[in-house]
Amino acid sequence: QVQLVESGGGLVQPGGSLRLSCAASGIIFRIYDMNWYRQAPGKQRELVATITSGGSANYVDSVQGRFTISRDNAKNTVYLQMNSLKPEDTAIYYCNALNTWSGRGYWGQGTQVTVSS
């Protein structure tokens, strides 16, 4: 079965850092685009960062320069390094895998990130 298992969320002070991990199984990881989304209470889910199967990364403007998405195909894992965290980054962060040829996508369970003093 397909599974995306996230880790690394938690509570951090403003200005701090967290590194989220998402380990995938049951898919040919190297051919999937990988994404991080987030959803704050009462708000719509937002695409935060994308890394394509070819390794090209893109970010929403609000995290540009602070967050870095990366992937390790040998470990079937995608990462989101989050630096200079702000209270407005507080949200549940979701890992997503997308096969752009088939349109098939999968979601992780979500991990809570709370930025507060």
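Note that this is a predicted model, so its numbers are computed, not measured. (Residues numbered from 1 in each chain as written. Predicted model: local features only at pLDDT ≥ 70, side-chain atom pairs only at ≥ 80, totals over all residues. Heavy atoms only, no water.)

(A) Region of interest: the environment of V48. Among the structural elements, V48 can be located in strand β5 (residues 46-51). When its relative accessible area of 1% is taken as the criterion, V48 is described as buried. Counting along the chain gives 21 residues from V48 to I69, while the straight-line C-alpha distance between them is 9.5 Å. Not counting residues up to four positions away in its chain, the partners in contact with V48 are W36, Y37, R38, N58, Y59, V60, V63, F67 and Y93. (Helix = DSSP H or I, 4+ residues; strand = E, 2+ residues; numbered from the N terminus. Buried < 20%, exposed > 50% of the residue type's maximum accessible area, 1.4 Å probe, protein only. Contact = heavy atoms within 4.5 Å.)

(B) Structural detail: the pattern of salt bridges. On inspection of all chains with the given rule, the structure shows three salt bridges. One network of salt bridges, in which partners are shared, links R38, E46, R66 and D89. (Salt bridge = Lys/Arg side-chain N within 4 Å of Asp/Glu carboxyl O.)

(C) Representation of the sheet that holds strand β8 (residues 77-82). The four strands lie next to each other as β1-β3-β8-β7, forming an open sheet whose pairing is antiparallel. The two strands at the open ends of the sheet, each matched to only one other strand, are β1 (3-7) and β7 (67-72). With strand direction ignored, the average angle separating the axes of adjacent strands in the sheet is 15 degrees. Here five bridges tie β1 to strand β3 (residues 18-25), and the two strands are oriented antiparallel to one another. Bridge assignment links L4 to a residue of β3, and that residue is A24. (Pairing = 2+ DSSP bridges. Axes fitted to C-alpha atoms, helices over the stretch in contact; angles between N-to-C directions.)

(D) How the structure looks around the state of the cysteines. Using the criterion set out here, one finds one disulfide in the structure. Put simply, C22 and C95 are joined by a disulfide, and their sulfur atoms are 2.1 Å apart. An S-S torsion of about -80 degrees defines the bridge between C22 and C95 as left-handed. Taken together, the residues C22 in strand β3 and C95 in strand β9 (residues 91-98) connect sequence positions 73 residues apart. In this structure, C22 and C95 share a single accessibility class: buried. (Disulfide = S-S within 2.5 Å.)

(E) Summary view of the pairing of β8. Burial of β8 is extensive: five of the six residues sit out of reach of the surface. Bridge analysis of β3 against β8 gives six bridges, and the strand direction is antiparallel. Looking at the pairing, C22 lines up with V78 of β8. One ladder, built from six bridges, connects β7 with β8; its direction is antiparallel. By the bridge assignment, D72 is partnered in β8 with T77. Taken together, β7 and the strand that follows it, β8, pair antiparallel across an intervening segment of four residues, in which N76 is found at a positive phi of about 50 degrees.

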